[in-house]
Amino acid sequence: MSDQSWRTRPAVMPPEVVRAAAGRIREHARAHRLDGVRLILHGGEPLLAGRDGLRSIVGTLRSALAGTCAVDFGLQTNGVLLDEKMLGELRSLDVAIGISLDGPPADNDRHRRRADGRGSYAAVHRALTLLDQPGNRSAYAGLLCTIDPDTDPLECYRTLLGYHPPAIDFLFPHANWEQPPRRATEDDTRYADWLVTIFDEWYGAERQATRIRLFEAVINLLLGGGSRSEQVGLSPVAVAVIESDGAVEQEDSLKSAYDGACSTGANVLTHELDAALTHPGIVARQIGERALADACRPCELRRVCGAGHYAHRYRRGAGFRNPSVYCADLTRLITHVHRRVAADLARLTGAPQ
């Protein structure tokens, strides 16, 4: 979409930036007395750093945090470069691996192609088959899948289940009011309809086949809990991105709105991580309902919906203080989940629905 920042940044984080990042994370953890931090190696494609590069990055970060707090490492990859040697390296480093897969071969390869135009499904299939082996399951974090309403939702879901993921997260495609999602009308809920079909199969199954993060977050919010999903709820943002040049930024999905949307002005080479906490974009995501658009605040679903993913609210001239461009879809999904859960609670407790 709008992001061009990658053009001027190092393809791989240089060692001096890794060391600076490690030091800033350590001082942040000490200052806030954190029990633990979760560090996710992301990209682009992080496996392009190679086994030596990843070993160096993880080793530097783990060494810096030793004696300060616990640290969990994750890595999100398209899986193309995940072979036995790379998997063995990541397992030895205790890095949990998430794979991006968008369904059956034809559906996945429509969007995820190599530079020469060939689809990537065959390579991802090999990686997932390897990751699903009993000896490797401890390194298997789960699957990410971007919603495509032109695909068959159950075929997609069952394809993902075929790799026995411990968790799945379905993601709305990045879009906003300037670059809206594909739909016939503003009230068209094709993205929610796609999700509802999967929800009914998942929720109605005799045994839970896997965890689905978005569905669990909606249920938890409906029952008065919080959310660990960026797509729903009003939980304060707890993520900082450290770019390969050391820039400390808001989550990278905001780059879909406009070039520079993630910037905080801080850099690990020159600033503490706390320097980003006063940035208006981060402050707005710590104050819950007060940051919602006027149109959202009277809505009875606001605490569950939370105006959706922050990146999906952007409108030129009004910034991010708008309803989600997926407002109709979120309403449809949340009301459907509420109806199913309320019916079950009423049946179990004998209370009226």
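See the structure shown above.
Worth saying up front: this structure is predicted, and the values here are computed from it rather than measured.

Q: Would you mind showing me how to read the sheet that holds strand E3 (residues 95-100) here?
A: In a beta sheet, neighbouring strands pair by backbone hydrogen bonds and run either parallel or antiparallel. Taken in spatial order, the six strands of this open sheet run E1-E2-E3-E4-E5-E6, and their pairing is parallel. Taken across any chain shown, the strands that pair with only one partner, and hence form the sheet edges, are strand E1 (36-41) and strand E6 (211-212). Of the pairings in the sheet, the one linking strand E5 (residues 167-171) to E6 comprises two bridges and is parallel in character. Considered in E6, the bridge of Ile 168 is made with Ile 212. Relative to the sheet, helix H6 (residues 153-161) contacts strand E4 (140-146), E5 and E6, its axis offset from that of E5 by approximately 145°.

Q: I would appreciate a short explanation of the environment of Ala 141 in the present structure.
A: Within the secondary structure, Ala 141 sits in strand E4. Residue Ala 141 is classed as partly exposed on the basis of its relative accessible area, which comes to 33%. In contact with Ala 141, not counting residues within four places along its chain, are Ala 96, Ile 97, Gly 98, Pro 166 and Ala 167.

Q: What am I meant to see in the packing of helix H7 (residues 190-204) against helix H8 (residues 213-222) here?
A: Each packed pair of helices is defined by two parameters, the angle between the axes and the distance between the axes. Close contact between H7 and H8 brings their axes to 11 Å; oriented N to C, the two are set at 80°. Put simply, H7 runs roughly perpendicular to H8. Residue-level contacts link Leu 195, Ile 198, Phe 199, Trp 202 and Tyr 203 of H7 to Leu 214, Phe 215, Glu 216 and Ile 219 of H8. Here the residues of the contact of H7 with H8 are counted per class, giving eight nonpolar, no polar and one charged.

Q: For this particular structure, what's the right way to read the pairing of E5?
A: Put simply, side chains in a regular strand alternate between the two faces of the sheet. Alignment of E4 against E5, held across four bridges, turns out to be parallel. Each residue of the ladder has a partner; that of Cys 145, found in E5, is Phe 170. Once the chain exits E4 it traverses H6 before rejoining the sheet at E5, and the crossover so formed is right-handed.

Q: What is the right way to read the pairing of E3 from this model?
A: Counted residue by residue, E3 has five buried out of six residues, so it is predominantly covered. With five bridges connecting them, strand E2 (residues 70-77) and E3 associate as parallel partners. Residue pairing for E3: Gly 74 is matched across the bridge by Ala 96. The sheet contact formed by E3 and E4 spans four bridges and is parallel.

Q: Before we go on, may I ask you to explain the packing of H6 against H7 in this structure?
A: One way to put it is that H6 packs onto H7 with a least axis distance of 9 Å and a crossing angle of 50°. With respect to H7, the element H6 is oriented oblique. The two elements H6 and H7 meet at a crossing, and its hand is right-handed. Packed against H6, whose contacting residues are Pro 153, Leu 154, Cys 156, Tyr 157 and Arg 158, the element H7 presents Trp 194, Thr 197, Ile 198, Glu 201 and Trp 202 at the interface. Of the residues belonging to the contact of H6 with H7, the class tally is seven nonpolar, one polar and two charged.

Q: Explain the side chain of Asp 148 here, please?
A: By the secondary structure assignment, Asp 148 is in the loop between E4 and H6. Setting aside residues no more than four positions away along its own chain, Asp 148 makes contact with Arg 110, His 111, Arg 182 and Trp 194.

Q: I tried to follow the nonpolar core on my own but got confused; where do I start?
A: The tendency in soluble globular proteins is for nonpolar side chains to be buried side by side. Membership of the largest hydrophobic core comes to 82 residues, with the highest contact counts inside it found for Leu 82, Leu 90, Phe 170, Leu 195 and Phe 215. Broken down by element, the residue count for this core peaks at eight residues, all from H7. For Leu 82, the residues in contact, after removing those within four places along its chain, are Leu 47, Leu 87, Leu 90, Ile 97, Ile 99, Ala 127 and Leu 130.

Q: So what exactly am I meant to see when it comes to the packing of aromatic side chains here?
A: Two aromatic rings are characterised by how far apart their centres lie and by the angle between their planes. Using the criterion set out here, one finds twelve aromatic pairs in the structure. Ring centres 4.7 Å apart and planes at 40° place the aromatic pair Phe 172 and Tyr 326 in the tilted group. Of this pair, Phe 172 sits in the loop between E5 and H7 while Tyr 326 sits in the loop between helix H10 (302-305) and helix H11 (327-349), placing them 154 residues apart in sequence. With a relative accessible area of 5%, Phe 172 lands in the buried category. Exposure remark for Tyr 326: the relative accessible area of 1% places this residue in the buried category. Ring centres of Tyr 258 and Phe 320 lie 6.4 Å apart, and the angle between their planes is 35°; on these two criteria the pair is classed as tilted. You can see Tyr 258 sitting in the loop between strand E8 (247-249) and strand E9 (263-267) and its partner Phe 320 sitting in the loop between H10 and H11, a full 62 residues away along the chain. Members of the aromatic cluster, each reached through a chain of ring pairs, are Phe 170, Trp 194, Phe 199, Trp 202, Tyr 203 and Phe 215.

The rules behind these values
Residues numbered from 1 in each chain as written. Predicted model: local features only at pLDDT ≥ 70, side-chain atom pairs only at ≥ 80, totals over all residues. Heavy atoms only, no water. Pairing = 2+ DSSP bridges. Helix = DSSP H or I, 4+ residues; strand = E, 2+ residues; numbered from the N terminus. Contact = heavy atoms within 4.5 Å. Axes fitted to C-alpha atoms, helices over the stretch in contact; angles between N-to-C directions. Buried < 20%, exposed > 50% of the residue type's maximum accessible area, 1.4 Å probe, protein only. Parallel < 35°, antiparallel > 145°, perpendicular 65-115°, else oblique. Nonpolar A, V, L, I, M, F, W, Y, C, P; charged D, E, K, R; others polar. Right-handed = clockwise from strand over helix to strand, strands pointing away. Left-handed = near helix turned anticlockwise from the far one by under 90°. Core = buried A, V, L, I, M, F, W, Y, C linked by side-chain atoms within 4.5 Å. Phe/Tyr/Trp six-rings, centres within 6.5 Å; stacked < 30°, edge-to-face > 60°.

The values reported here are purely geometric and, on their own, carry no functional implication.
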